[in-house]
Amino acid sequence: MLGMQSSILLSPTSKSMSSSTMNPMLATSNPLLSSSIDEKSQKDIVEILNKCIENTRNLTEFSKVLQIDNINAPTISGHTDFYYPNLTFQVSHYQQELAEISKIKHIPIPPELLEQFSQMQVNCSMGLFTCISRAWLTIDNLIFFWNYEDGSDICFYDNLPEPILAVELFMPKEGTFDDGVEYGLCLATNSQVVLLSVDFIRFTKGNGAIVNEMRFSPQPVYSIPTDNLIINTLKASKMTGRIFMGAKDGSLYEFFYQNQTSWFSSQTKKINLSHSKFHYLVPSFFNFNDADSIVQIELDESRNILYTRSENSTIQVFYLGSNGLDTSKINYLTCNAIASKAANLI
């Protein structure tokens, strides 16, 4: 119906665009039909728009491009080489390869750290903390940092007896660390999660170069036992300093820390945010759910919303309250439910 109306309105064979030969409501609502545009310009515009409409009609349906036989059924893409064609284009009688990723700058891993890989026994992981221009690397119970801009300022921490499983840099809550400490480092192992203070010592070398040397507190400022939990991932809030932990048992936890104790509150504690306060009253044999390990946590601090993704691609949503200090579980969607809802949008 829309296509028929467009063909009628934009027909270039009409010699007059006056309101006497057209629907007056359409003429007044369409700025292209204004009497202020001369007849030649109107015909040019009509001709261009008609060509666009005709080209659109000749396009292959999107479902056919994706090779979808049944548009009502959930589908996936990106799992075969078909979805990643060679990017080539014709330029002056020769073909030039288009790179999907362009290398701007290459800073290799310092050779001192490459030697450490030969001593690895359990696991290793890597990441970037762009807010401090540092790359990090864990090898078993060691964690190394270096400036990824130029490969300088290599430092390490080795005071943990067990392999490091998860790493997060955070901005501490006000009053919980010594004055002048801008960042903290959270490290999770099999038996404990610890918080270290991170300092930067600024000085000038003999050649005039200015260096920000990274240093850690020799001992943890705060720590909690994991109680046989395996912590897969960590995420800290930049606004409130809260530290969230995703565990292998499928629950979301918080590392609560404060600088003082009271009769009713300890200095540190591990809080399960996935369960209600009364779940301990329910015998464990009533829990028939298989553990779905949490592998990713993301924060939308503009709306105080936290998302988790599990190993089986289940998404959970938590609302942190208007001040970012509360926690309530809002909803969750399994992978099958997400695929089903996505299929309904086609």
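Use the structure listed above.
Residues numbered from 1 in each chain as written. Predicted model: local features only at pLDDT ≥ 70, side-chain atom pairs only at ≥ 80, totals over all residues. Heavy atoms only, no water.

### Description of the overall build of the chain
Part 1 of the reasoning: Along the chain, the regular secondary structure elements total six helices and 19 strands.
Part 2 of the reasoning: By the burial criterion, 31% of the 346 residues in the chain qualify as buried.
Part 3 of the reasoning: A separation of at least 24 residues holds for 42% of the contacts in the chain among residues at least 6 apart in sequence.
Part 4 of the reasoning: Total accessible area computed for the chain in this model is approximately 23000 Å², and 54% of it derives from carbon and sulfur atoms. (Helix = DSSP H or I, 4+ residues; strand = E, 2+ residues; numbered from the N terminus. Buried < 20%, exposed > 50% of the residue type's maximum accessible area, 1.4 Å probe, protein only. Contact = heavy atoms within 4.5 Å. Areas by Shrake-Rupley, 256 points an atom, 1.4 Å probe, with all protein chains shown as cover.)

### Some words on the side chain of asparagine 304
Part 1 of the reasoning: Within the secondary structure, asparagine 304 is located in the loop between β16 (294–300) and β17 (305–310).
Part 2 of the reasoning: In this structure the side chain of asparagine 304 is engaged in a polar contact, spanning 2.9 Å, whose partner is the backbone oxygen of glycine 321.
Part 3 of the reasoning: Ignoring sequence-local partners within four residues, the contact set of asparagine 304 consists of Phe318, Tyr319, Leu320, Gly321, Ser322, Asn323 and Gly324. (Polar contact = N/O pair within 3.5 Å; in protein donor to acceptor, adjacent residues only side chain to side chain.)

### What about unusual backbone geometry?
Part 1 of the reasoning: Backbone geometry at asparagine 304 places phi at a positive 55 degrees, although glycine is not the residue there.
Part 2 of the reasoning: What makes asparagine 304 buried here is its relative accessible area of 16%.

### Focus: the layout of surface pockets
Part 1 of the reasoning: Considered as a void within the structure, the second largest pocket measures approximately 510 Å³ in volume.
Part 2 of the reasoning: Every element with two or more residues in the lining of the second largest pocket is listed here: β3 (124–129), β7 (166–170), β12 (231–236) and β16. (1 Å grid on protein atoms, 1.4 Å probe; cavity = no way out; pocket = protein on both sides within 12 Å on 5 of 7 lines; lining within 4 Å. Points joined across faces, edges and corners; volume = space filled by probe spheres on them.)

### Re the environment of threonine 334
Part 1 of the reasoning: Mapped onto the fold, threonine 334 is located in the loop between β19 (328–333) and α6 (335–344).
Part 2 of the reasoning: Between the alpha carbons of threonine 334 and threonine 314 there is a distance of 4.3 Å; along the sequence they are 20 residues apart.
Part 3 of the reasoning: Other than its neighbours up to four places away in sequence, threonine 334 contacts Ser313 and Thr314.

### Some words on the pairing of strand β18 (residues 315–319)
Part 1 of the reasoning: Residues Gln316 and Phe318 of β18 are buried on one face, while the alternating residues Ile315, Val317 and Tyr319, pointing to the opposite face, are not.
Part 2 of the reasoning: As judged from the five bridges shared by β17 and β18, these two strands associate in the antiparallel manner. Note on β18: the bridge partner recorded for threonine 308 is glutamine 316.
Part 3 of the reasoning: Relative to β19, β18 is paired through five bridges, and the arrangement is antiparallel. (Pairing = 2+ DSSP bridges.)

### Let's talk about the sheet that holds β3
In a beta sheet, neighbouring strands pair by backbone hydrogen bonds and run either parallel or antiparallel.
Part 1 of the reasoning: Taken in spatial order, the four strands of this open sheet run β3-β4-β5-β6, and their pairing is antiparallel. Pairing within the sheet leaves two strands with one partner each, and these edge strands are β3 and β6 (155–157). When the angles between neighbouring strand axes are averaged without regard to direction, this sheet yields 20 degrees.
Part 2 of the reasoning: When strand β5 (residues 142–147) meets β6, the two strands line up antiparallel, connected through three bridges. The residue of β6 that forms the bridge with phenylalanine 145 is cysteine 155. (Axes fitted to C-alpha atoms, helices over the stretch in contact; angles between N-to-C directions.)

### A look at the pattern of salt bridges
Part 1 of the reasoning: The final tally for this structure, using the stated rule, is 10 salt bridges.
Part 2 of the reasoning: Two residues, lysine 40 and aspartate 44, come together in a salt bridge whose shortest N-O distance is 3.3 Å. Here lysine 40 and its partner aspartate 44 are both found in helix α3 (residues 39–57), four residues apart, which amounts to about one turn of the helix.
Part 3 of the reasoning: In this structure, aspartate 227 and lysine 270 form a salt bridge, with 2.8 Å as the shortest nitrogen-oxygen distance. With aspartate 227 in the loop between β11 (222–225) and β12 and lysine 270 in strand β15 (residues 268–272), this pair connects stretches of sequence that are 43 residues apart.
Part 4 of the reasoning: By relative accessible area, aspartate 227 is classed as exposed at 51%. (Salt bridge = Lys/Arg side-chain N within 4 Å of Asp/Glu carboxyl O.)

### As for the packing of aromatic side chains
We describe a pair of aromatic rings using the distance from one ring centre to the other and the angle between the two ring planes.
Part 1 of the reasoning: This model, assessed by the stated rule, comprises 11 aromatic pairs.
Part 2 of the reasoning: With a centroid separation of 5.5 Å and 45 degrees between ring planes, the pair formed by phenylalanine 145 and phenylalanine 216 is classed as tilted. Placement of the pair is phenylalanine 145 in strand β5 and phenylalanine 216 in strand β10 (residues 210–216), with a sequence separation of 71 residues. Taken individually, phenylalanine 145 and phenylalanine 216 each receive the classification buried, so the pair is uniform in this respect. (Phe/Tyr/Trp six-rings, centres within 6.5 Å; stacked < 30°, edge-to-face > 60°.)

### Considering the pairing of strand β8 (residues 183–188)
Part 1 of the reasoning: The buried fraction of β8 amounts to six of the six residues, a majority that puts the element mostly inside the structure.
Part 2 of the reasoning: Here β8 shows two buried faces, one formed by Tyr183, Leu185 and Leu187 and the other by Gly184, Cys186 and Ala188.
Part 3 of the reasoning: Sheet analysis places β7 next to β8, joined by five bridges and oriented antiparallel. Note on β8: the bridge partner recorded for alanine 166 is alanine 188.
Part 4 of the reasoning: Of the strand pairs in this sheet, β8 and strand β9 (residues 192–204) are connected by six bridges, and their pairing is antiparallel. Opposite tyrosine 183, over in β9, you have valine 198 as the bridge partner.
Part 5 of the reasoning: With antiparallel pairing between neighbouring strands as the criterion, β8 and β9 make up a hairpin whose turn holds three residues.

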